[in-house]
Amino acid sequence: NDLVGQFDGVIEIPSSTVPNETIVPQIISGFSKKYQGLKFRLFSMDSIDVIESITEKKYTIGFSGSKPNNDFEIIKVYSDDMVFIGPKSSPLDQGFASIEDILNLPLILREEGSGSGGIISKALKKHNLSNDNLNIVAITDSVHVIKALVASGAGFAFVPRSCMNHDTTTGLLVYELKDIESSRDFYFIRHKKALLTPLEESFCEFVSSYFSK
């Protein structure tokens, strides 16, 4: 197969939502050009579920927005932060949103098992608040659904900045966050005791070299 450049196999990759919608397509495209003929099966889930699924040996590798414990080998793939988005009919007239602003607005959130959801919960806790203090109108695991809901005027939301880069969605205003620390890292992870196929080993080497450039 190395000689003729054709491969027959499947690589299964669980990934949290943000890397699945940003960096994973680029990696798969690059790897597929090198190893033609293989197939990928992608599974979108929150970061906690990605880590648990690999721990339980359902999968061997994945992408997560939360850092796992020392049982894992990790490669940091990129860093990101959060912005606050709203519809064009937004009552906010400044370029930022504070905790006080957020408490008075209808919100669309991601589940707490996601890295994004965890950041918001942590920020609220610093102000002696919780999700119970928020006016939550919807919860979803899809950033695309969140942006569509906001554009339709259903509410406001926190989304990763990378998911707004080159965004063509109409009807969205973007605000910087005030008094909320939202920086986070994303990781490619594998369990140290996992037995990888040769293709998975090659994929790990590709990811490592891709992010060492």
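What counts, and where the lines are drawn
- Residues numbered from 1 in each chain as written.
- Predicted model: local features only at pLDDT ≥ 70, side-chain atom pairs only at ≥ 80, totals over all residues.
- Heavy atoms only, no water.
- Helix = DSSP H or I, 4+ residues; strand = E, 2+ residues; numbered from the N terminus.
- Expected span 1.5 Å × (residues − 1).
- Buried < 20%, exposed > 50% of the residue type's maximum accessible area, 1.4 Å probe, protein only.
- Contact = heavy atoms within 4.5 Å.
- Pairing = 2+ DSSP bridges.
- Axes fitted to C-alpha atoms, helices over the stretch in contact; angles between N-to-C directions.
- Polar contact = N/O pair within 3.5 Å; in protein donor to acceptor, adjacent residues only side chain to side chain.

**Some thoughts on helix α7 (residues 198–210)**
And then number 1: Relative to the 18 Å expected for 13 residues at 1.5 Å per residue, α7 spans 18 Å between its end C-alpha atoms, a close match to the ideal helical length.
And then number 2: Among all positions of α7, only Leu-199, Glu-200, Ser-202, Phe-203, Cys-204, Phe-206 and Val-207 are buried.
And then number 3: For α7, the secondary structure elements touched by its buried residues are β1 (10–15), α2 (24–34), β2 (39–44), β3 (61–64), β4 (72–80) and β11 (184–191).

**A word on the sheet that holds strand β7 (residues 106–109)**
And then number 1: What the six strands build is an open sheet, ordered β6-β10-β5-β9-β7-β8; its pairing is mixed. Sheet topology places β6 (96–97) and β8 (135–139) at the edges, where each strand pairs with a single neighbour.
And then number 2: Relative to strand β10 (residues 172–177), strand β5 (residues 82–87) runs antiparallel, the two sharing four bridges. Residue pairing across strands places Pro-87 opposite Leu-172, the latter belonging to β10.
And then number 3: Packing against the sheet, helix α6 (residues 143–151) makes contact with β5, β7, β8, β9 (156–160) and β10, and its axis sits at approximately 145 degrees to β9.

**Considering the environment of Asp-185**
And then number 1: Following the sequence through the fold, Asp-185 ends up in strand β11.
And then number 2: For Asp-185, a relative accessible area of 24% translates into the label partly exposed.
And then number 3: Sequence spacing of Asp-185 and Asp-80 is 105 residues, and the spatial spacing of their C-alpha atoms is 6.3 Å.
And then number 4: Setting aside chain neighbours within four positions, we find Asp-185 in contact with Ser-64, Gly-65, Lys-76, Tyr-78 and Ser-79.
And then number 5: Within the local environment of Asp-185, its side chain forms a polar contact with the side chain of Ser-79, the two groups lying 2.6 Å apart.

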